[in-house]
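Remarks on the overall topology
Now for the letters of each chain:
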Amino acid sequence: MKKKIFNTISPITLLVVALFLIGSGCPADDGVQDEPETSACDYEGYDGLDTTNNTTTLIPEAELTTDFFNTSSNGPEVEVYETSDPGNFWFVTTVVTLNATGTGQLSINGNIQTVNVTCLATGNAVGQGMQFIVTASGLDAEFCVVIDEFH
């Protein structure tokens, strides 16, 4: 009888433990708006979909540099660029407050375009996260980045 109960409980216990571990894979929401939660980001870094030819470009956050300029001639602004190729891939915007919308510029392979920007998460110090939704004709993208430099 003991063996039968153990066999019944064991798979149920295993399922509960597995669901707990899967559900705990994202960082806990501590209520502080200092970083994008993993569950809110589709991808940590740049995730861009070219809707004209249905191709996706992914650049991991570790390969991007994010500079937050608190005092620039345009006011606070953020510049994100590919660390190994800063002249070829970059994004600049002054939309840096939570839930703000506006525009920015995105350069991919030297093609510079004005983009619509929504700031979903913001920070103001090294190590804090920022999240932007970026759209334009033929583009649907997201940046989930961590501030590397604060000026």
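Scope of this entry: the structure provided in the associated data block. Just so it is clear, the model here is predicted, and its values are computed rather than measured.

1. A few points about the pairing of strand β4 (residues 77-82)
- Counting buried positions along β4 gives 5 out of 6 residues, so the element sits mostly inside the fold.
- As defined by bridge partners, strand β3 (residues 64-69) adjoins β4 across 6 bridges and the pair is classed as antiparallel. Bridging from a neighbouring strand, Phe-69 pairs with Glu-77 of β4.
- Pairing of β4 with strand β5 (residues 89-93), which is carried by 4 bridges, proceeds in the antiparallel orientation. Considered in β5, the bridge of Val-80 is made with Phe-91.
- Here β4 folds back onto β5, and the loop between the two strands holds 6 residues.

2. Concerning the pairing of β5
- Most of β5 is tucked away: 4 of the 5 residues are buried.
- As paired elements, β5 and strand β6 (residues 101-108) share 5 bridges and run antiparallel to each other. Looking across to β6, one finds that Phe-89 is bridged to Ile-108.

3. Let's talk about the packing of aromatic side chains
- According to the stated counting rule, one finds 6 aromatic pairs in the structure shown.
- Between the aromatic rings of Phe-89 and Phe-143, the centroid separation amounts to 6.3 Å while the plane-to-plane angle is 40 degrees, which identifies the pairing as tilted. Placement of the pair is Phe-89 in strand β5 and Phe-143 in strand β9 (residues 139-146), with a sequence separation of 54 residues.
- Residue classification places Phe-89 among the buried positions, given a relative accessible area of 4%.
- Each ring, one from Phe-91 and one from Phe-143, has its centre 4.6 Å from the other, and the planes form 15 degrees; the classification is stacked. Of this pair, Phe-91 sits in strand β5 while Phe-143 sits in strand β9, placing them 52 residues apart in sequence. Phe-143 shares its class with Phe-91; the two are buried.
- Site record: aromatic cluster; members linked through ring pairs are Tyr-46, Phe-89, Phe-91, Phe-132 and Phe-143.

4. Let's talk about the nonpolar core
- Residues Tyr-46, Phe-91, Leu-106, Met-130, Phe-132, Val-134 and Phe-143 are the most contacted members of the largest nonpolar core, which totals 23 residues.
- Looking at this core, the elements with two or more residues in it are β3, β4, β5, β7 (111-121), β8 (129-136) and β9.
- What Phe-143 contacts, discounting residues up to four positions off in sequence, is Gly-45, Tyr-46, Val-80, Phe-89, Phe-91, Leu-106, Met-130, Gln-131, Phe-132 and Val-134.

5. Quick notes on the sheet that holds β9
- Strand order in the open sheet made by the 10 strands is β2-β1-β9-β8-β7-β6-β5-β4-β3-β10, with mixed pairing throughout. This sheet does not close on itself; its edge strands, each paired only once, are β2 (55-60) and β10 (149-150).
- Across 8 bridges, β6 lies against β7 in antiparallel orientation. If you follow Gly-102 over to β7, its bridge partner there is Val-117.

Criteria and cut-off values
- Along each chain, numbering runs from 1 in the same order as the chain's sequence is written.
- With the structure being a predicted model, the display of local features is reserved for residues of pLDDT at least 70 and the display and counting of side-chain atom pairs for 80 or more, all residues being used for whole-chain, interface and lining totals.
- Side-chain calculation: all heavy atoms of the structure are included, whereas hydrogens and water are not.
- For every residue, the accessible area (1.4 Å probe, protein chains only) is compared with the maximum for its type, and the residue is labelled buried under 20%, exposed over 50%, or partly exposed between those bounds.
- Here a strand is any run of E in DSSP of at least two residues, a helix any run of H or I of at least four, and the numbering for each starts at the N terminus.
- Paired strands are those between which DSSP finds at least two bridges.
- Side-chain rings of Phe, Tyr and Trp (the six-membered ring for Trp) are treated as a pair once their centres are within 6.5 Å; stacked means planes under 30 degrees apart, edge-to-face means over 60, and tilted covers the remaining angles.
- We call a set of buried residues a nonpolar core when its members are Ala, Val, Leu, Ile, Met, Phe, Trp, Tyr or Cys and they connect through side-chain atoms within 4.5 Å of each other.
- By definition, residues are in contact when any of their heavy atoms lie within 4.5 Å.

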